[in-house]
Amino acid sequence: VQLQASGGGLVQAGGFLRLSCAASGRTFSTYAMGWFRQAPGKEREFVAGISWSGGSTYYADSVKGRFTISRDSAKNTVYLQMNSLKPEDTAFYYCAAEFTGRDNAPTSQSSEYDYWGQGTLVTVSS
């Protein structure tokens, strides 16, 4: 599975962005998908995850209520809609795929993900 993330950019606090992650290769629908981020000097952290079917989602407390993860299996793409952005959301954002074999709830553990895309930079100015 190859993952290509896009949609990052510079935005003012309170603004919004939508990240996309296009997948190619093995059957997209058999993978749970996740978004992670890493700010300069900090460890990578989980942001959001979505199950195989899209029926289950999971968010980090820091983004709950502001970010929404979704997927379009017809387009082999997962999205991260980010609203009410804050300067502390500034980071490189990475999408990842976990081959689960069944429609499990997504995990926040980065070690469980099998494939990673390159990062896309989100910068939120105050």
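Report on the accompanying structure. Model, not experiment: these values are computed from the prediction.

Let's talk about the side chain of Arg-71
Examined against the element boundaries, Arg-71 turns out to sit in strand β7 (residues 67-72). It is Asp-103 that comes nearest to the buried, bridge-free Arg-71 among opposite-charge side chains, at 6.8 Å. Side-chain polar atoms of Arg-71 contact the backbone oxygen of Tyr-31, separated by 2.8 Å. The residues contacting Arg-71, other than those within four sequence positions of it, are Phe-28, Ser-29, Tyr-31, Ala-32, Met-33, Ile-50, Ser-51, Trp-52, Gly-54, Thr-77 and Val-78.

Comments concerning the packing of aromatic side chains
Taken as a whole, this structure holds seven aromatic pairs when the rule is applied. The interplanar angle of 80 degrees and the centroid separation of 5.2 Å between the aromatic rings of Phe-36 and Tyr-113 together place this pair among those described as edge-to-face. Separated by 77 residues along the polypeptide, Phe-36 in strand β4 (residues 31-38) and Tyr-113 in the loop between β9 (91-99) and β10 (115-116) bring together distant segments of the chain. Tyr-113 sits in the buried class, given a relative accessible area of 5%.

Let's talk about the sheet that holds strand β1 (residues 2-6)
Read across the sheet, four strands follow the order β1-β3-β8-β7 without closing on themselves; strand pairing throughout is antiparallel. Edge positions in the sheet fall to β1 and β7, since each of these pairs with one other strand and no more. Adjacent strand axes in the sheet meet at a mean angle of 15 degrees when their direction is disregarded. Looking at chain direction, β1 and strand β3 (residues 17-24) are connected through five bridges and run antiparallel. Across the sheet, Leu-3 pairs through a bridge with Ala-23, a residue of β3.

Rules behind the numbers
- Starting from 1, residues in each chain are numbered consecutively following that chain's sequence as written.
- Reporting of local features is limited, given that this is a predicted model, to residues whose pLDDT is at least 70; pairs of side-chain atoms are given and counted only at 80 or more, and all residues count toward the totals for whole chains, interfaces and linings.
- Excluded from the side-chain calculations are hydrogens and water; all other atoms, namely the structure's heavy atoms, are used.
- Numbering of helices and strands runs from the N terminus; a helix is a DSSP stretch of H or I covering at least four residues, while a strand is a stretch of E covering at least two.
- Relative accessibility thresholds used throughout: buried, under 20% of the residue-type maximum; exposed, over 50%; partly exposed, between the two (1.4 Å probe, protein chains only).
- The sign given to each residue is positive for Lys and Arg and negative for Asp and Glu; His and the chain ends receive no count.
- Every case where a carboxyl oxygen of Asp or Glu lies within 4 Å of a side-chain nitrogen of Lys or Arg is listed as a salt bridge.
- Definition of a polar contact: a pair of N or O atoms within 3.5 Å, with one able to donate and the other able to accept a hydrogen when the atoms are protein atoms, and with sequence-neighbouring residues admitted only if both atoms are side-chain atoms.
- In this analysis, two residues are considered to be in contact whenever any of their non-hydrogen atoms come within 4.5 Å of each other.
- Stacked, tilted and edge-to-face are the three classes assigned to paired rings of Phe, Tyr and Trp, where Trp is represented by its six-membered ring and a pair needs centres within 6.5 Å; plane angles under 30 degrees give stacked, over 60 edge-to-face, the rest tilted.
- DSSP calls a pair of strands paired once it identifies at least 2 bridges connecting them.
- The angle between two axes is taken between their N-to-C directions and runs from 0 to 180 degrees, where each axis is a line fitted to C-alpha atoms and a helix contributes only its stretch in contact.

By themselves, these observations are geometric and do not establish any function.
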